[in-house]
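Chain by chain, the residues run as shown.
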Amino acid sequence: MRYRHTVIGCVIFIAVMSVMLRTIESKLLFPAPRFPSGNWSPQDLEFEEIDFSAEDGVPLHGWFLPHQDPRAHVLFCYGNGEHVAFIAPVLKHLNEALNCSLFAFDYRGYGRSSGSPTEQGIFADSRAAHIKFAQLADIKSSEVVVMGKSLGGAVAVELAATRTIRGLVLLRTFTSIPDVAAWLYPWFPVRWFMHSEFNSLHRIQSYNGPLLQGHGTADKIVPYVQGEQLFEASPSTRKQFVSIPGGTHNAPIEGRFFEALELFLNALP
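The rules we used
- Residues numbered from 1 in each chain as written.
- Predicted model: local features only at pLDDT ≥ 70, side-chain atom pairs only at ≥ 80, totals over all residues.
- Heavy atoms only, no water.
- Axes fitted to C-alpha atoms, helices over the stretch in contact; angles between N-to-C directions.
- Helix = DSSP H or I, 4+ residues; strand = E, 2+ residues; numbered from the N terminus.
- Left-handed = near helix turned anticlockwise from the far one by under 90°.
- Contact = heavy atoms within 4.5 Å.
- Nonpolar A, V, L, I, M, F, W, Y, C, P; charged D, E, K, R; others polar.
- Buried < 20%, exposed > 50% of the residue type's maximum accessible area, 1.4 Å probe, protein only.
- Pairing = 2+ DSSP bridges.

*Asks:* Which residues make up the packing of helix H3 (residues 119–137) against helix H4 (residues 151–162), and what are the values?
*Replies:* Remark: H3 packs on H4, axes separated minimally by 10 Å, with the N-to-C direction vectors making an angle of 65°. Crossing of H3 over H4 shows right-handed handedness. Mapping the contact onto sequence places Ile122, Phe123, Ser126, Arg127 and His130 in H3 and Ala154, Val155, Glu158 and Leu159 in H4. Among the residues forming the contact of H3 with H4, the class breakdown is five nonpolar, two polar and two charged.

Structure representation (structure tokens):
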């Protein structure tokens, strides 16, 4: 009888912990900053406000930055603690210094987009943004270069694995969310309780197009070794890894990476 009670108690404990940790996981993985935080009217950035919908009908929002003579058309997927208004400096540099047309979109639950963020929901948002961007730029969707940073890198990898794109650019991107959590909290069996995966290590094996990837050696959130592992898993024969000495996870994008990105875009077929 005592053994039975112990087993029942363990089952109840695991169930309660699972629910609690999934709630915590969602808040940590998707902090989802909302409008009106940030500067939504940057004076030195010209863009068009775009409203569109995901394939499941969720209303989404984005910024379109056209260019008269674009070197490339870049769909930008940001990190988990951002929205389009937070990345205006990056968009400005890509648009003006690298001569790219751009589309940056808010995941569901972020910025001015509706809904609540989930792994599959954000993937659906990226697919809708990919199609919308091609329409806005009047190009084929296969001509879009997809660029992702941190969590946005996992979004970009999923899109590259399931859609035809011109090139893939990743910065500070992990192998999977459970891998990151296990590295940050080695003393706790986080893999038992996590719901989200964002398994880029698996998905990138389905993409063999041009790849540029960068990672800082001092990244304390997504370890440098995960960037290396993700790069090695790519079957592409046209790939380049940019190591950024002393680079951290939340620092501004380094000039070294922008220089490599310009060369990468110039070399795209």
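Having put the structure on the table, let's press on.
*Asks:* With reference to specific residues and values, describe unusual backbone geometry.
*Replies:* Residue Pro36 follows Phe35 across a cis peptide bond; omega there is 15°. Mapped onto the fold, Pro36 is located in the loop between helix H1 (2–29) and strand S1 (48–53). Positive phi, close to 60°, is recorded for Ser150, a residue that is not glycine. Tracing the backbone through its elements, the reader meets Ser150 in the loop between strand S5 (144–149) and H4. Looking at Ser150, the relative accessible area reads 10%, which means it is buried. Positive phi values are uncommon outside glycine, yet Arg172 reaches one of about 60°.

*Asks:* Residues and numbers for the pairing of strand S2 (residues 59–65), please.
*Replies:* Look at any regular strand and the pattern is simple: side chains alternate between the two faces of the sheet. With respect to burial, S2 is a largely interior element, six of its seven residues being buried. Pairing analysis gives six bridges linking S1 to S2, with the strands arranged antiparallel. Of the residues in S2, the one forming a bridge with Ser53 is Pro59. With five bridges connecting them, S2 and strand S4 (residues 100–106) associate as antiparallel partners. Its bridge partner lying in S4, Leu65 is registered against Leu102.

*Asks:* Describe the sheet that holds S2, and please don't skip the residues or the numbers.
*Replies:* Spatial strand order, S1-S2-S4-S3-S5-S6-S7-S8: eight strands in an open sheet with mixed pairing. Each edge of the sheet is formed by a strand with only one pairing partner; in this case those strands are S1 and strand S8 (239–244). Averaged over all adjacent pairs, the angle separating strand axes in this sheet is 20°, with direction ignored. Taken together, the four bridges between strand S6 (residues 167–171) and strand S7 (residues 211–216) define a ladder with parallel strand orientation. Within the sheet, the bridge partner assigned to Val169 lies in S7 and is Leu212. Contacts from helix H2 (residues 88–97) reach S2, strand S3 (72–77), S4 and S5 within the one sheet, and its direction differs from that of S4 by about 160°. Packed onto the sheet, H3 meets S1, S2, S3, S4 and S5 and runs at close to 145° relative to S4.

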